[in-house]
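# Structural features, examined
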Amino acid sequence: MAKATRLSKNRAAQLRACLDKLEPVTDISDDPIQFVHRYDSSADREVAALFAATLAFGRVASFLPVLNEIFTQADECGGPATWVDNFSKEDADRIEPIFYRWIRGPDLARFARTIGRIRVQYGSIEAVFKVNDTPNQTDIKPLLEQGISIFQKFSLESPDEQFSDLSRGYRFLLTHPASGSGCKRWCMLFRWMARTEFPDVGMWSIPTSALIIPLDTHIHQVADFVGLTRRKDGSWATAKEITQNLARMDPEDPTRFDFALAHLGISGKCNKRRVPEVCDPCALVEVCRIGQPRKRSPTG
Ligand code: SF4
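All of the points below concern the structure found in this document. This one's a predicted model, so the numbers in the text were calculated from it and none came from an experiment.

Rules of the game
- Residues numbered from 1 in each chain as written.
- Predicted model: local features only at pLDDT ≥ 70, side-chain atom pairs only at ≥ 80, totals over all residues.
- Heavy atoms only, no water.
- Helix = DSSP H or I, 4+ residues; strand = E, 2+ residues; numbered from the N terminus.
- Rg over C-alpha atoms; globule rule 2.2 N^0.38 Å.
- Contact = heavy atoms within 4.5 Å.
- Near = heavy atom within 4 Å.
- Nonpolar A, V, L, I, M, F, W, Y, C, P; charged D, E, K, R; others polar.
- Axes fitted to C-alpha atoms, helices over the stretch in contact; angles between N-to-C directions.
- Left-handed = near helix turned anticlockwise from the far one by under 90°.
- Buried < 20%, exposed > 50% of the residue type's maximum accessible area, 1.4 Å probe, protein only.
- Phe/Tyr/Trp six-rings, centres within 6.5 Å; stacked < 30°, edge-to-face > 60°.
- Lys NZ or Arg CZ within 6 Å of the ring centre and 35° of its normal.

A tally of helices and strands in the chain yields 15 helices and 0 strands. The C-alpha atoms of the chain give a radius of gyration of 20 Å, which matches the 19 Å a tight globule of 300 residues would have. Across its three principal directions, the C-alpha atoms of the chain cover 80 × 40 × 35 Å. Taking as baseline every contact in the chain between residues at least 6 positions apart, the subset at least 24 positions apart corresponds to 65%.

Once that is clear, we can look at the site of the ligand. C270, C279, C282, V285, C288, I290 and G291 make up every residue found near the ligand. Taken together, the residues of the shell around the ligand break down into 6 nonpolar, 1 polar and no charged.

So, about the environment of T114. Turning to its location among the elements, T114 is positioned in helix α7 (residues 105–122). For the pair T114 and K153, spaced 39 residues apart in sequence, the C-alpha separation works out to 9.1 Å. If we skip the residues at most four places from it in the chain, T114 touches F151, F154, S155 and Y170.

A few words on the packing of helix α3 (residues 42–54) against helix α11 (residues 184–194). Between two packed helices, the angle of one axis relative to the other and the distance separating the axes together describe the packing. With their axes 9 Å apart at the nearest point, α3 and α11 run at an angle of 150 degrees to one another. α3 and α11 meet at a crossing whose hand is right-handed. Here α3 contributes R45, E46, A49, L50, A52, A53 and T54 to the contact with α11, which in turn contributes R185, W186, M188, L189, W192 and M193. Of the residues in the contact of α3 with α11, the class split is 9 nonpolar, 1 polar and 3 charged.

The next point concerns helix α14 (residues 258–266). Owing to its 3.6 residues per turn, the α-helix brings residues three or four apart onto one side. Of all 9 residues in α14, 8 are buried, a share of seventy percent or more. Taken residue by residue, α14 has D258, F259, A260, L261, A262, H263, L264 and G265 as its buried positions. Buried-residue contacts for α14 involve α1 (9–19), α11 and α12 (217–225). Just beyond α14, the residue with positive phi is G268, at close to 80 degrees.

Structurally, S88 can be placed in the loop between α5 (80–85) and α6 (89–95). Sequence separation between S88 and V287 is 199 residues, and the spatial gap between their C-alpha atoms is 54 Å.

Two descriptors summarise a pair of aromatic rings, namely the distance from one centre to the other and the angle between the planes of the rings. Taken as a whole, this structure holds 20 aromatic pairs when the rule is applied. Judged by centre distance (5.1 Å) and plane angle (25 degrees), the ring pair of F35 and F71 falls under stacked. Pair noted here: F35 is in helix α2 (residues 34–37) and F71 is in helix α4 (residues 60–76), with a separation of 36 residues, a long-range link. This pair shows no difference in class: F35 is buried, exactly as F71 is. Members of the aromatic cluster, each reached through a chain of ring pairs, are F51, W83, F87, F111, F129, F151, F163, Y170, W186, F190 and W204. Looking at R168, its charged tip hangs above the ring of W102, at a distance of 4.3 Å from the centre.

Printed below as a string of structure tokens:
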């Protein structure tokens, strides 16, 4: 197992100076958060965020059209909140042909009905994650565990059903932190809803200091390049280690660099190897073990 990485004070200061130079991302047209910004009401935004975050895996160019189709149907029914609250047999038939990877139309229909039932019982999505909220928690894991357990329970539609019997696609929508997964899609949802700085929408009262970095391959690679972790797996432990090191630069808001870091990879700017014309102007070059020019060995 890789040795735990703990940034020294000097290294954290050096890294922070570089991260502060990262261009803020203002264009959200290739990011799923665009679907949250499409709506004004908090109810629509919560439901839109759930669908957009849970389907945000794989290639952006592949899942954005699927989300577009889903939200077109939701809009025809009065918006995402009204759509899930009144989700009918006709709505299930209309969504049936839509699929993304292993998630099928019937999985999306069940998810819509589940969100509708949860909204009736709890009034909002935020409330599900805060049922047993305790102050001073160190991170969002307990909130996620209780919230996703409730989602799993509300997914069952007959007394004979068990969550483990539901389709692989549906179970994937509700990946639980107890599995050890980094739960990237849920951590991203929490970042969207807790942080107030654009593009995040700051609707939930969750301290930003408790957020965990949404760990995907882009973040993992850059985190490895700049020394935030040496761990190789996409687990919760890796996400936590990267977040703890980011907290040495900003304890109140460790995930604030997530959007810019992830878009280094998503935009295709970072080639994951030294390309002088890309790496030399990169804000991270001074701290990136991949991007730095090779030192010539002395000759003669
Ligand atoms: S310096 Fe190069 S390899 Fe390193 S993060 Fe920047 S673009 Fe990627």
